[in-house]
Amino acid sequence: MPKLLVIDDEESVRYSFRRVFQGDDVQVLTAATANEGRAAVDSDNPDVIVLDLQLPDQSGLDLFHEVHAQNPKRPVIFITAHGNTETAIEAMKGGAFDYLVKPVDLERLSQVLGRAFGAVRLMSSPAVLPSDDGDDRIVGHSSVMQEMCKVIGRVAPQDVNVLIVGENGTGKELVARALYQHSRRTALSFLVINCAAIPETLLETELFGHEQGAFTGATRRHVGKFEQAGNGTLLLDEIGDMPLALQAKMLRVLQDQRFQRVGGHETLQTHVRVLAATNQDLPRLVEEGRFRKDLYYRLNAVTIQVPPLRKRTEDVAELAHYFLFRLNRELKLDLRGFAPEAIELLETYSWPGNVRELQGVIKQAMLNASGHILFPEFLPEQLLQSTAPPKQAAGEVANFDLASFIDARLHQGNGQLHQEVISAVERLLFAQVLRHTSGHQSQASEVLGVNRTTLRHKLRTLGLAVDKVVSNDSEKG
């Protein structure tokens, strides 16, 4: 359970934190002095610390420097009175996560704590440990995934910018986290900003910060992600959605490692390592004038392509079992595995939503399931319908020419030849066995050596109707 340590000499503040945030998902620890807080840090190793700047026995800033030196990745959030905001900002420049002004707004506090615990997860959860049972990792032993992981291993220790490209749901953030966790900056912070999720008018201040009075509503100085990250790593997610005007400033930062806050005149130095991710075709955006060519080349020191799930179908079964294991804990269920027909269905589907869609399908199937095994009927209906081929007449099956079929598919080059040939041969086999048994499915099951559940599932997925197969055979007789 994540631990939150609140160090504040006001009992009302400590009580409020315990009452609002203590629960099944967070353990709240409290301390009234710097000495008590230091002891709690040593004994309980909290994940996030909320720290008052003014403590009775020591400056909160001095205590921050101590605990930050022990663990620079642990988020520390300051609580400060209005008169201490400049000190809090200085603390943020030294590595603090954020600061809140008393009286603390509950909604703002919840948002900041959510981001802090999220940052802890991003920095600590393993991303590339194929034999690990951690909450998040890159799963798959297909050749394309092995090659991708080799690139990560080569590039991670180098202080170069990396562009991560892939469709939505393929796991670009996991790749970024793997690069961070295997870099020389793993002891420093890892921050993420989604360029598509923040309005254009706010994105610049989120990246570079702003001075008090820089624009209407700027009531205090704001420290941006480049300043907050220090010498750590910053992931610019959905970089293809960054406005052109801001791209020019981003280019200057990457070239000179210097920037200014919005409305400010002080030039700040940065040594952040920048990772960028996108699901868009940046070269095409460059041609269309929607993305700067020089920024693309600056970001593109190394490109890592994250393959879509349809290009690594051999990983589907491993991913499905991985999600089953994770979701069993999350949903408090006891599913033991998949029926072979269910795995076959999952491997046949094209997965337009990639790994994220697979996770959602497994979760839905588990909620629909009864018993300890996931059968095809527990899978979402849309998946069953999309994987079932059109009904095929018995005559078409009987006249099937495998050599011509393979030759035609070779010329089409659609990348699914193995599965298509297997399905075609099975369609011929099952149709001929059904004709031989005059449509008796129990006899067909014995001949084929499969149970009736598997037979019915195969007939549905292969698009074979028993009555048509048998009637066609009778007409020929």
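As a starting point, this report considers the structure included with it.

## Here we look at the overall build of the protein chain
Now for step 1: A tally of regular secondary structure across the protein chain gives 22 helices and 14 strands.
Now for step 2: Put simply, the protein chain has 477 residues, and 48% of those count as buried.
Now for step 3: In the protein chain, 69% of the contacts between residues at least 6 apart in sequence involve partners at least 24 apart.
Now for step 4: Accessible area of the protein chain: about 22600 Å², with a carbon and sulfur share of 50%.

## Some points on the sheet that holds strand S1 (residues 3–7)
Now for step 1: What the 5 strands build is an open sheet, ordered S2-S1-S3-S4-S5; its pairing is parallel. At either end of the open sheet lies a strand with only one pairing partner, and these are strand S2 (27–31) and strand S5 (98–101). Each strand of the sheet is rotated relative to its neighbour by a mean of 20 degrees, with strand direction disregarded.
Now for step 2: One ladder, built from 5 bridges, connects S1 with S2; its direction is parallel.

## Here we look at the side chain of Gln58
Now for step 1: Here Gln58 lies in the loop between strand S3 (48–52) and helix H3 (60–70).
Now for step 2: A polar side-chain atom of Gln58 sits 2.4 Å from a polar atom in the side chain of Arg38.
Now for step 3: Non-local contacts of Gln58, meaning those with residues more than four positions away in its chain, are made with Ala34, Arg38, Leu63 and Glu66.

## Here's the deal with the sheet that holds strand S7 (residues 190–194)
Now for step 1: Pairing in this open sheet of 5 strands is parallel, and the strands run S7-S8-S11-S6-S12 from one edge to the other. The outermost strands of the open sheet, each flanked by one partner alone, are S7 and strand S12 (302–305). Within this sheet the neighbouring strands show an average axis-to-axis angle of 20 degrees, counted without direction.
Now for step 2: Note that S7 and strand S8 (residues 233–237) share 5 bridges and pair parallel. Its bridge partner lying in S8, Leu191 is registered against Leu234.
Now for step 3: Across the sheet, helix H7 (residues 172–181) lies against strand S6 (162–165), S7, S8, strand S11 (273–278) and S12, angled at about 155 degrees from S6, the strand it touches most.

## Considerations on the nonpolar core
Now for step 1: Judged by nonpolar contacts, the single largest core of 42 residues is most densely connected at Leu4, Phe17, Ile77, Leu113, Val175 and Leu179.
Now for step 2: It is helix H5 (residues 106–124) that provides the largest number of residues to this core, a total of 9 residues.
Now for step 3: Judged by nonpolar contacts, the second largest core, of 31 residues, contains Leu191, Ile193, Met250 and Leu254.

## Quick word on the layout of surface pockets
Now for step 1: Approximately 590 Å³ is the volume found for the second largest pocket.
Now for step 2: No other element matches H7, which puts 5 residues into the lining of the second largest pocket.
Now for step 3: Here the residues of the lining of the second largest pocket sort into 11 nonpolar, 5 polar and 11 charged.

## Some details on the packing of helix H2 (residues 34–44) against H3
Now for step 1: Two numbers describe how H2 lies on H3: the axes approach to 11 Å, and their chain directions differ by 10 degrees. Of the possible angle classes, the one that applies to H2 and H3 is roughly parallel. Residues Ala34, Arg38, Val41 and Asp42 of H2 lie in contact with H3, whose contacting residues are Leu63, Glu66, Val67 and Gln70.
Now for step 2: A class-by-class count of the residues in the contact of H2 with H3 yields 4 nonpolar, 1 polar and 3 charged.

## Some thoughts on the environment of Phe78
Now for step 1: Checked against the element boundaries, Phe78 lands in strand S4 (residues 76–80).
Now for step 2: The sequence separation of Phe78 and Val50 amounts to 28 residues, and the corresponding C-alpha distance is 5.8 Å.
Now for step 3: Filtering out sequence-adjacent residues up to four positions away, Phe78 remains in contact with Leu51, Leu53, Gly60, Leu61, Phe64, Ala91, Ala96, Asp98, Tyr99 and Leu100.

Cut-offs used in this document
Each chain carries its own residue numbering, running from 1 in the direction its sequence is written. In keeping with the predicted nature of the model, local features appear solely for residues at pLDDT of at least 70, side-chain atom pairs appear and are counted solely at 80 or more, and the whole-chain, interface and lining totals rest on all residues. No hydrogens and no water enter the side-chain calculation; it runs on all heavy atoms of the structure. Runs of H or I in DSSP of at least four residues are treated as helices and runs of E of at least two as strands, each being numbered from the N terminus. Buried, partly exposed and exposed residues are distinguished by accessible area as a fraction of the type maximum, computed with a 1.4 Å probe on protein chains only: under 20%, between the cut-offs, and over 50%, respectively. The contact criterion used throughout is that any non-hydrogen atoms of two residues lie within 4.5 Å. Here the open area of atoms and residues is found with the Shrake-Rupley method and a 1.4 Å probe, where only the protein chains shown may cover a residue. At least two DSSP bridges between two strands are needed for those strands to be called paired. Axis geometry follows a simple rule: fit a line to the C-alpha atoms, using only the stretch in contact for helices, then measure angles between N-to-C directions, giving values from 0 to 180 degrees. Any pair of N or O atoms that falls within 3.5 Å is considered a polar contact. Within protein, one atom must be able to donate a hydrogen and the other to accept it, and sequence-neighbouring residues count only if both atoms are side-chain atoms. Residues belong to a common nonpolar core when they are buried Ala, Val, Leu, Ile, Met, Phe, Trp, Tyr or Cys residues joined through side-chain atoms within 4.5 Å. Method remark: on a 1 Å grid restricted to protein atoms, a set of points is classed as a cavity if a 1.4 Å probe fits but cannot get out and as a pocket if it is open with protein on both sides within 12 Å along at least five of seven lines; lining residues have an atom within 4 Å of a point. Grid points are joined across faces, edges and corners, and a volume is the space filled by probe spheres set on the points. The residue classification treats Ala, Val, Leu, Ile, Met, Phe, Trp, Tyr, Cys and Pro as nonpolar and Asp, Glu, Lys and Arg as charged. All others, Gly included, are polar. For classification purposes, angles smaller than 35 degrees are called roughly parallel, those larger than 145 roughly antiparallel, those between 65 and 115 roughly perpendicular, and all remaining angles oblique.

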